[in-house]
Amino acid sequence: MAMEDVTEAAAATTAESTAFTVKRYPVAPGHRINVRSGPGTNYSIVKVLAEGVRVPINCQKPGTTVTGPYGTTNLWDNIANGQYVSDAYVNTGSDGYVAVRCS
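Presented here is an overview of the structure given in this document. (Residues numbered from 1 in each chain as written. Predicted model: local features only at pLDDT ≥ 70, side-chain atom pairs only at ≥ 80, totals over all residues. Heavy atoms only, no water.)

1. Structural notes on the state of the cysteines
So, step 1. The final tally for this structure, using the stated rule, is one disulfide.
So, step 2. The side chain of Cys59 participates in a disulfide bridge whose partner is Cys102; the two sulfur atoms lie 2.0 Å from each other. The disulfide joining Cys59 to Cys102 has a torsion of about 95 degrees about its S-S bond and is therefore right-handed. Of the two residues, Cys59 is situated in strand E5 (residues 59-68) and Cys102 in the segment after strand E7 (83-86); the sequence distance between them amounts to 43 residues.
So, step 3. The exposure class of Cys102 is buried, given its relative accessible area of 11%. (Disulfide = S-S within 2.5 Å. Helix = DSSP H or I, 4+ residues; strand = E, 2+ residues; numbered from the N terminus. Buried < 20%, exposed > 50% of the residue type's maximum accessible area, 1.4 Å probe, protein only.)

Printed below as a string of structure tokens:
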């Protein structure tokens, strides 16, 4: 295999692993978290997360104010298309935005 082929293969592998490396944040221990269709408690529950899961945060936006283990906040985390959880139940290490604001 030529050196340029090895370099291209390594670059492709790095790009692939970078594309699939998403930071995940732990939800509060001992809690099953409601996942809602929008950023608020008035939105329907689409599923419930099991205890001990870690979630990606694609973007964040303000919504209903919620009090949880990590404080009181109106910030909601988008974890998938049409799926939001209150940031009050996600350990991001911050009281503010850790991802881009959802449009």
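Let us keep going from here.
2. Focus: the pairing of E7
As a general feature of sheets, a regular strand has side chains that alternate between the two faces.
So, step 1. Neither face of E7 is open: one carries Gln83 and Val85, the other Tyr84 and Ser86, and all of them are buried.
So, step 2. With four bridges connecting them, strand E6 (residues 71-80) and E7 associate as antiparallel partners. Of the residues in E7, the one forming a bridge with Asn78 is Tyr84.
So, step 3. Counting the residues that bridge the hairpin from E6 to E7 gives two residues, and of these Gly82 lies at a positive phi of roughly 70 degrees. (Pairing = 2+ DSSP bridges.)

3. Quick look at the side chain of Gln60
So, step 1. By secondary structure assignment, the location of Gln60 is in strand E5.
So, step 2. A distance of 2.7 Å separates the side chain of Gln60 from the backbone nitrogen of Val98, its partner in a polar contact.
So, step 3. Apart from residues no more than four positions distant in its own chain, Gln60 is found in contact with Leu75, Trp76, Asp77, Asp87, Gly96, Tyr97, Val98, Ala99, Val100, Arg101 and Cys102. (Polar contact = N/O pair within 3.5 Å; in protein donor to acceptor, adjacent residues only side chain to side chain. Contact = heavy atoms within 4.5 Å.)

4. Topic: the side chain of Thr73
So, step 1. Note that Thr73 resides in strand E6.
So, step 2. Within polar-contact distance, the side chain of Thr73 engages the backbone nitrogen of Leu75 at 3.0 Å.
So, step 3. For Thr73, the residues in contact, after removing those within four places along its chain, are Thr64, Thr65, Val66, Ser86, Asp87 and Ala88.

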